[in-house]
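So the chains spell out like this:
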Amino acid sequence: MPDYNLTQEQEILRKSIREFAEQEIAPVAQELDEKEEFSVELTKKMFDMGLFGMYVSEKYGGSGLDYLSYVIAVEEIARIDGSQAATVAAGNSLGIGPIYYFGTEEQKMKWLPELCRGRLAGFGLTEPNAGSDAGGSKTTAVLKDKKWVINGSKIFITNAANPLTAVVTVQAVTGTRPDGKKEYSCILVPYGTKGFTAKEMHKKLMWRASNTAELYFEDCEVPEENLLGKRGEGFHQMLKTLDAGRLSIGAMGLGGAQGAFELALKYAKERVQFGRPIGDNQAIAFKLANMAMEIEAARNLLYKAAWLKDQGKPFSREAAMAKLYCSEVMKRVVTDAVQIHGGYGLMKEYNVERFFRDQKLLEIGEGTSEVQRIVIARNLGLNVR
Ligand SMILES: Cc1cc2nc3c(=O)[nH]c(=O)nc-3n(C[C@H](O)[C@H](O)[C@H](O)COP(=O)(O)OP(=O)(O)OC[C@H]3O[C@@H](n4cnc5c(N)ncnc54)[C@H](O)[C@@H]3O)c2cc1C
């Protein structure tokens with residue numbers, strides 16, 4: 001029989017992060033969203049809570065916890081606010097992840113302690129003309145006099161243009177492989193390097209208090225040793241990073257669904273129409289019953305995928321399923337949660353409106369829902385494209 005109990009440490013962790021999110025994030029979430037403001041102060045508090053580098057070994061300044069603990073942490077932040085959950089999830093999975101999993105010992109010692117304690121890293125993969133088709137990226141890095149000279153641009157890069165940004169991992173074409181295909185490598189570009197500029201992107205529908213940037217590289221030079229891991233492994237590193245990252249996007253879907261569900265349940269018990277709480281109508285009660293059921297299923301799928309990763313077993317298929325399912329469960333939950341709130345659900349003072357907007361990104365970032373279905377279908381042995 002599988003053991004469905006969380007460990008005592010995981011339960012304590014959930015409780016402490018829940019309290020932190022309710023006390024520190026909930027009071028400011030709506031205002032930051034409205035102002036479209038990335039909060040350095042709040043991010044520092046999240047660092048102080050140990051929310052960065054949870055799964056990184058203590059040797060590199062992390063907490064040495066399992067991946068499931070990290071997933072639970074993201075879930076708890078997302079239960080309150082998608083933007084702050086995005087900062088944490090991207091900071092860990094996309095910022096810390098590639099350096100932790102693929103960096104040389106020297107790179108890990110150099111970057112990880114500060115990325116666990118107070119600085120952020122971005123992961124630059126997406127380009128204006130290469131999103132789902134990451135193989136179409138055009139940014140180049142040429143090795144000249146023991147330096148990588150980078151030219152090109154990236155778009156939609158989380159955590160890459162704010163006062164806490166320390167470094168960006170950039171995927172670039174570094175040559176041609178023997179089979180004639182492009183050779184990709186990842187290169188670490190410290191913030192402030194000459195020829196590298198990052199511009200914050202505004203006017204987002206969702207995750208408005210998270211930091212999103214366009215990156216430009218013009219003859220940007222970094223030392224040869226800034227190559228992440230080995231030359232030519234950029235594509236593999238990117239796929240593996242996204243596999244793990246999908247678990248945290250799943251956690252954002254799960255936590256967001258949980259948060260919206262709780263708001264809807266409370267409202268259904270309080271709002272009285274026709275002389276009784278609206279939740280006493282089957283039409284409303286059944287919506288809430290469906291939400292509870294789907295959230296339970298989503299949690300089981302996501303935790304199983306995280307457990308597989310913690311066991312060192314293959315988890316790529318389950319990660320795609322968890323990301324897809326959790327984000328689509330959140331879609332159904334936020335849609336019904338707004339419906340249950342009636343007209344008030346469309347107003348900004350009711351938090352459910354923010355959950356409704358924040359959900360949409362989960363079907364697009366770190367591989368769209370269509371791409372997840374491609375991953376799952378390929379795992380079924382189908383040659384789908
Ligand atoms: C707020 C935000 C934060 C982000 N953070 C990061 C980050 O930190 N780092 C980073 O590198 N990227 C980041 N991204 C980029 C994100 O990963 C991409 O937006 C995503 O991969 C989709 O790429 P695209 O937007 O170019 O859409 P496209 O790839 O152009 O897709 C458009 C539509 O076509 C569909 N489609 C494309 N190809 C196929 C196919 N073969 N079969 C079926 N349907 C297909 C897609 O599913 C989608 O519906 C972020 C994006 C946003 C909005």
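Since this is a predicted model, take the numbers as computed values, not measurements.

Calculation criteria
- Residues numbered from 1 in each chain as written.
- Predicted model: local features only at pLDDT ≥ 70, side-chain atom pairs only at ≥ 80, totals over all residues.
- Helix = DSSP H or I, 4+ residues; strand = E, 2+ residues; numbered from the N terminus.
- Rg over C-alpha atoms; globule rule 2.2 N^0.38 Å.
- Buried ≥ 20, exposed ≤ 12 C-beta atoms within 10 Å, placed from the backbone.
- Contact = placed C-beta atoms within 7 Å.
- Near = placed C-beta within 6 Å.
- Nonpolar A, V, L, I, M, F, W, Y, C, P; charged D, E, K, R; others polar.
- Domains from an automatic or database assignment.
- Core = buried A, V, L, I, M, F, W, Y, C linked by C-beta atoms within 7 Å.
- Axes fitted to C-alpha atoms, helices over the stretch in contact; angles between N-to-C directions.
- Parallel < 35°, antiparallel > 145°, perpendicular 65-115°, else oblique.
- Expected span 1.5 Å × (residues − 1).
- Pairing = 2+ DSSP bridges.
- Left-handed = near helix turned anticlockwise from the far one by under 90°.

1. Some points on the overall build of the chain
Okay, so step 1: Assigned secondary structure in the chain consists of 10 helices and nine strands.
Okay, so step 2: Here the chain has a C-alpha radius of gyration of 21 Å; the compact-globule value for 385 residues is 21 Å, and the two agree.
Okay, so step 3: Overall, the C-alpha framework of the chain stretches about 80 × 45 × 40 Å when taken along its three principal axes.
Okay, so step 4: A buried classification covers 51% of the 385 residues belonging to the chain.
Okay, so step 5: A separation threshold of at least 6 residues defines the contact pool for the chain, and within that pool the share at least 24 residues apart is 73%.

2. Section: helix H9 (residues 352-362)
For an α-helix, the turn length of 3.6 residues means that residues three or four places apart are oriented alike.
Okay, so step 1: In terms of residue burial, H9 counts as a mostly covered element, since nine of its 11 residues are buried.
Okay, so step 2: Taken as a whole, H9 has its buried residues at Val352, Glu353, Arg354, Phe355, Phe356, Asp358, Gln359, Leu361 and Leu362.

3. Examining the site of the ligand
Okay, so step 1: As a matter of local geometry, the ligand sits amid 22 residues, with Leu125, Gly131, Ser132, Thr368 and Glu370 nearest to it.
Okay, so step 2: Contributions of two or more residues to the shell around the ligand are made by helix H4 (82-102), strand S1 (120-124), strand S3 (147-158) and helix H10 (369-379).
Okay, so step 3: Counted by class, the shell around the ligand contains 10 nonpolar, 10 polar and two charged residues.
Okay, so step 4: A domain split of the shell around the ligand shows at least three residues from each of domain 2 (122-232) and domain 3 (236-379).

4. Here we look at the nonpolar core
Okay, so step 1: Counting residues in each nonpolar core, the largest one holds 115 residues, and the members touching the most others are Val74, Ile187, Leu302 and Ala337.
Okay, so step 2: For this core, the element with the most residues is helix H6 (residues 234-270), which contributes 15 residues.
Okay, so step 3: Apart from the residues lying within four places of it in its own chain, the contact partners of Ile187 are Ala141, Trp148, Ile150, Val170, Ala172, Val222, Asn226, Leu227 and Leu228.

5. Thoughts on the packing of helix H3 (residues 67-78) against H4
Okay, so step 1: Contact pair H3 / H4: the axes reach a minimum separation of 7 Å and the direction vectors enclose 155°. Compared by their axis directions, H3 and H4 come out roughly antiparallel. Residues Tyr70, Val74, Ile77 and Ala78 of H3 pack against Gly82, Gln84, Ala85, Val88, Ala89 and Asn92 of H4.

6. Section: unusual backbone geometry
Okay, so step 1: Unusually for a residue other than glycine, Glu36 sits at a positive phi of about 55°.
Okay, so step 2: Residue placement: Glu36 occurs in the loop between helix H1 (8-35) and helix H2 (40-48).
Okay, so step 3: Judged by C-beta crowding, with 15 C-beta atoms within 10 Å, Glu36 ranks as partly exposed.
Okay, so step 4: The phi dihedral of Asp145 is positive, around 50°, even though this residue is not glycine.
Okay, so step 5: Here Asp145 shows up in the loop between strand S2 (140-144) and S3.
Okay, so step 6: On the neighbour-count criterion, Asp145 (7 C-beta atoms within 10 Å) is exposed.

7. Let's talk about the domain arrangement of the chain
How big an interface is tends to be reported as the loss of accessible area on association of its parts.
Okay, so step 1: Under the domain assignment used here, the chain contains domain 1 (8-119), domain 2 (122-232) and domain 3 (236-379).
Okay, so step 2: Look at where the C-alpha atoms of domain 1 and domain 3 centre, and you get two points 20 Å apart.
Okay, so step 3: Of the residues lining the interface, 24 residues belong to domain 1; the matching set on domain 3 comes to 25 residues.
Okay, so step 4: Elements supplying a minimum of two residues to the side of domain 1 that touches domain 3: H1, H3 and H4.
Okay, so step 5: With 10 residues, H4 is the single largest residue contributor to the side of domain 1 that touches domain 3.

8. Remarks on helix H8 (residues 316-341)
Okay, so step 1: Here H8 contains 26 residues, and its C-alpha end-to-end distance of 37 Å stays within 8% of the 38 Å for a straight helix at 1.5 Å per residue.
Okay, so step 2: Burial analysis of H8 places 20 of its 26 residues in the buried class, the great majority of the element.
Okay, so step 3: Looking one or two residues past H8, Gly342 carries a phi angle of roughly 55°, positive in sign.

9. Some remarks on the environment of Asp336
Okay, so step 1: Structurally, Asp336 is set in helix H8.
Okay, so step 2: In sequence terms Asp336 and Lys287 are 49 residues apart; their C-alpha atoms lie 6.8 Å from each other.
Okay, so step 3: Discounting residues that sit within four places of it in the chain, Asp336 has contacts with Ala264, Lys287 and Met291.

10. What to know about the pairing of strand S7 (residues 212-223)
Okay, so step 1: With nine bridges joining them, S3 and S7 adopt antiparallel strand pairing. Counterpart to Gly152 in the pairing with S7 is Phe217.
Okay, so step 2: Of the pairings in the sheet, the one linking strand S6 (residues 196-200) to S7 comprises five bridges and is antiparallel in character. From the neighbouring strand, Phe196 faces S7, where its bridge partner is Phe217.

11. Re the packing of H6 against H9
Okay, so step 1: Orientation of H6 relative to H9, taken along the N-to-C sense of each, is 160°, at an axis distance of 10 Å. The angle between H6 and H9 falls in the class roughly antiparallel. Regarding H6 and H9, the two cross each other, and that crossing is left-handed. Where H6 approaches H9, its residues Ile249, Met252, Gly253, Gly256, Gly259, Ala260, Leu263 and Ala264 are matched on the opposing element by Val352, Phe355, Asp358, Gln359 and Leu362.

12. Looking at the environment of Asn211
Okay, so step 1: Tracing the backbone shows Asn211 in the loop between S6 and S7.
Okay, so step 2: With 74 residues separating them in the primary sequence, Asn211 and Ser137 have C-alpha atoms 22 Å apart.

13. Some words on the pairing of S1
Okay, so step 1: Counting buried positions over the five residues of S1 gives five, a clear majority of the element.
Okay, so step 2: Here S1 shows a buried face lined by Leu120, Gly122 and Gly124 and a second buried face lined by Ala121 and Phe123.
Okay, so step 3: The pairing of S1 with strand S4 (residues 165-176) spans five bridges and is parallel. Looking at the pairing, Ala121 lines up with Val167 of S4.

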